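Here is what each chain is made of, one letter per residue.
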Amino acid sequence: MDIRYGEEELEILADEEPGMFLSILNKDNLSVATLSFALEVLGRKFPEQTSLAYFNRFVTHAHPLVREGCALGLSHYEVQVVSAMSLLQNLSFGPVPEVATVAKRALMLIFN
């Protein structure tokens with residue numbers, strides 16, 4: 001059975017219990033939607049040093065929704081975050097058009 005959290009629950013956990021939030025990302029039985037939301041929240045709430053290991057781990061996930069969550073999470077970083085831009089560039093050339101579109105939009109946000 002998949003573990004499910006809503007985006008609002010994840011936001012609260014990230015703010016109030018950051019260690020617990022990060023431990024959720026290490027669980028093997030998260031629902032795809034929960035993992036995607038968690039990656040988006042990760043990019044909004046945590047610094048690069050904390051989050052890039054998670055993005056590197058999930059950027060090649062089998063499910064496109066999870067890769068989209070990576071793209072959205074990475075879009076919250078500044079231009080000087082070269083590794084985030086590299087991951088987004090890889091996603092923008094991926095095989096799933098929806099994920100590539102989100103990654104390209106995130107790159108455009110960084111450069112504008």
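Preceding this section is the structure that the text describes.
Right, let's walk through the structure included here. Note that this is a predicted model, so its numbers are computed, not measured.

Moving on, we get to the environment of L52. Tracing the chain through its elements places L52 in helix α4 (residues 48-58). Here L52 falls in the buried class, since its relative accessible area comes to 9%. Sequence-wise, L52 and C70 are 18 residues apart; in three dimensions their C-alpha atoms are separated by 9.8 Å.

Evaluation of the coordinates by the stated rule reveals four salt bridges. A salt bridge links R44 to E11, with the nearest nitrogen and oxygen atoms 2.2 Å apart. You can see R44 sitting in helix α3 (residues 32-45) and its partner E11 sitting in helix α1 (residues 7-16), a full 33 residues away along the chain. Residues K45 and E11 are paired through a salt bridge, measuring 3.3 Å at the closest nitrogen-oxygen approach. Taken as a pair, K45 in helix α3 and E11 in helix α1 lie far apart in primary sequence, 34 residues in all. A single salt-bridge network, built from bridges that share partners, covers E7, E11, D15, R44 and K45.

Within the largest apolar cluster, 31 residues are counted, with the highest numbers of intra-cluster contacts made by F21, L25, L39, L42 and F55. Elements that contribute at least two residues to this core include exactly α1, α2 (18-24), α3, α4, α5 (64-74), α6 (82-92) and α7 (97-111). Sort the elements by how many residues they give to this core and α3 lands first, with five residues. Apart from the residues lying within four places of it in its own chain, the contact partners of L42 are F21, L22, L25, S51, Y54, F55 and Y77.

The rules we used
Residues numbered from 1 in each chain as written. Predicted model: local features only at pLDDT ≥ 70, side-chain atom pairs only at ≥ 80, totals over all residues. Heavy atoms only, no water. Helix = DSSP H or I, 4+ residues; strand = E, 2+ residues; numbered from the N terminus. Buried < 20%, exposed > 50% of the residue type's maximum accessible area, 1.4 Å probe, protein only. Salt bridge = Lys/Arg side-chain N within 4 Å of Asp/Glu carboxyl O. Core = buried A, V, L, I, M, F, W, Y, C linked by side-chain atoms within 4.5 Å. Contact = heavy atoms within 4.5 Å.

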